[in-house]
Amino acid sequence: MFNMILFGPPGSGKGTQSEKLVEKYGLIHLSTGNLLREEITGNTPLGQEAQRFMDKGQLVPDEVVIGMIDSCLENHPGATGFLFDGFPRTVAQAEALDKLLALKKTSINLLAALKVTEEELIKRLLNRGQTSGRRDDINAAVIHERFIVYTNETAPVAEHYKAQDKYRTIMGEGTIDEIFNKICEAIDDTMQNL
Ligand code: B4P
């Protein structure tokens, strides 16, 4: 199996690149952001709870997100690999993911971290807010809160995988195809050394 995390701040292009990567490598795409938005659209109790956090730019509680990922892994017993997009976002989520994968006798092979300046991120998110109607992208104060949460709670996840020698940085500015090619190089390199 080949399992990777696409990592980076809000608006760094995780969702955009994930769609291309899963097509090329045949990985199962697990985006916690998408899963949570599906729950919100379905107006489920989980979605109602998640919406309260997402509207404020805060993270949804770990136990909710970890439970969601656990059932997704169970739902794909024959998968040849997973691409985790927007997960893990806390060290507790990373530790839980490592345990869930160990139960399946597998592990994370690569964390590819997209690097984008804050100025470019704000531009992308406000732009998306105008077209997608995503409530967390419309308000500059909510976007600012998401950056604070990223620095305090999510950035330490990179250290967790650096310590395991799984961490690679990718310059996340340029055209979508240029960035895609750089991520593919990191993946191919990692796969060759498995
Ligand atoms: P996510 O859905 O994960 O979204 P994101 O971080 O905002 O964006 P992403 O990096 O995927 O950007 P995208 O490709 O779309 O999270 C939303 C919220 O859900 C979180 O704030 C949190 O509340 C909650 N949540 C999710 N996972 C969680 C977890 N594990 N634990 C707790 N809470 C969780 O790109 C953004 C824009 O840039 C797009 O408009 C795109 O078209 C554009 N773009 C992309 N690449 C570009 C490029 N190269 N050049 C120019 N524009 C580009």
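Please refer to the structure higher up on the page.
Parameters at a glance
- Residues numbered from 1 in each chain as written.
- Predicted model: local features only at pLDDT ≥ 70, side-chain atom pairs only at ≥ 80, totals over all residues.
- Heavy atoms only, no water.
- Helix = DSSP H or I, 4+ residues; strand = E, 2+ residues; numbered from the N terminus.
- Buried < 20%, exposed > 50% of the residue type's maximum accessible area, 1.4 Å probe, protein only.
- Contact = heavy atoms within 4.5 Å.
- Pairing = 2+ DSSP bridges.
- Axes fitted to C-alpha atoms, helices over the stretch in contact; angles between N-to-C directions.
- Near = heavy atom within 4 Å.
- Polar contact = N/O pair within 3.5 Å; in protein donor to acceptor, adjacent residues only side chain to side chain.
- Areas by Shrake-Rupley, 256 points an atom, 1.4 Å probe, with all protein chains shown as cover.
- Nonpolar A, V, L, I, M, F, W, Y, C, P; charged D, E, K, R; others polar.
- Phe/Tyr/Trp six-rings, centres within 6.5 Å; stacked < 30°, edge-to-face > 60°.
- Lys NZ or Arg CZ within 6 Å of the ring centre and 35° of its normal.
- Expected span 1.5 Å × (residues − 1).
- Lys, Arg positive; Asp, Glu negative; His and termini not counted.
- Salt bridge = Lys/Arg side-chain N within 4 Å of Asp/Glu carboxyl O.

(A) Spatial organisation of the environment of Pro-10. Relative to the assigned elements, Pro-10 resides in the loop between strand E1 (2-7) and helix H1 (14-25). In this structure Pro-10 comes out as buried when scored by relative accessible area, which is 7%. Sequence separation between Pro-10 and Leu-125 is 115 residues, and the spatial gap between their C-alpha atoms is 7.9 Å. If we skip the residues at most four places from it in the chain, Pro-10 touches Leu-121, Leu-125, Arg-146, Phe-147 and Tyr-150.

(B) Molecular detail of the sheet that holds strand E2 (residues 28-31). Strand order in the open sheet formed by 5 strands is E2-E3-E1-E4-E5, with parallel pairing between adjacent strands. Edge strands, defined here as strands with exactly one partner in the open sheet, are E2 and strand E5 (167-171). Mean inter-strand twist for the sheet, computed between neighbouring axes without regard to direction, equals 20°. Both E1 and strand E4 (residues 110-115) contribute to a ladder of 4 bridges, which runs parallel. When the bridges of E4 are listed, Met-4 appears paired with Leu-110.

(C) Quick look at the site of the ligand. Contacts to the ligand come from 29 residues, most closely from Thr-16, Thr-32, Gln-58, Arg-128 and Arg-146. Measuring from an oxygen atom of the ligand, one finds a backbone N or O atom of Gln-58 at 2.8 Å. Contact distances for the ligand include 2.9 Å between a nitrogen atom and a side-chain N or O atom of Gln-93. Relative to its unbound accessible surface of 1000 Å², the ligand loses 86% to contact with the protein. By residue number, the principal contributor to the shell around the ligand is helix H2 (residues 32-41), which donates 4 residues. Of the residues contributing to the shell around the ligand, the split by class is 10 nonpolar, 11 polar and 8 charged.

(D) Layout of the packing of aromatic side chains. Taken as a whole and judged by the stated rule, the model has 3 aromatic pairs. Taking 6.2 Å as the distance between ring centres and 45° as the angle between the ring planes, the aromatic pair formed by Phe-84 and Phe-87 counts as tilted. Given a relative accessible area of 0%, Phe-84 falls into the buried group. Three or more aromatic residues link up through ring pairs in this structure, and these residues are Phe-82, Phe-84 and Phe-87. Directly above the aromatic system of Tyr-167 lies the positively charged group of Lys-162, at a separation of 4.6 Å from the ring centroid.

(E) Quick peek at helix H6 (residues 118-132). Taking 1.5 Å of rise per residue, 15 residues should cover 21 Å, and H6 covers 20 Å from first to last C-alpha, within 8% of that figure. Where H6 is concerned, the buried positions are Glu-120, Leu-121, Leu-125 and Gly-129. Where H6 is buried, its residues touch helix H7 (135-138) and helix H8 (140-162). The positive-phi residue at the C-terminal boundary of H6 is Gly-133, with phi of around 75°.

(F) How the structure looks around the side chain of Asp-85. For Asp-85, the position within the fold is in strand E3 (residues 81-85). The charged side chain of Asp-85 is buried without a salt bridge, its nearest counter-charge being Lys-14 at 5.5 Å. At 3.4 Å, the side chain of Asp-85 and the side chain of Ser-18 are in polar contact. At a separation of 2.9 Å, a polar atom in the side chain of Asp-85 contacts the side chain of His-29. Once residues lying within four places of it in the same chain are set aside, the contact partners of Asp-85 are Leu-6, Lys-14, Gly-15, Ser-18, His-29, Leu-30, Ser-31 and Thr-32.

Just geometry here; none of it tells us what the structure is for.
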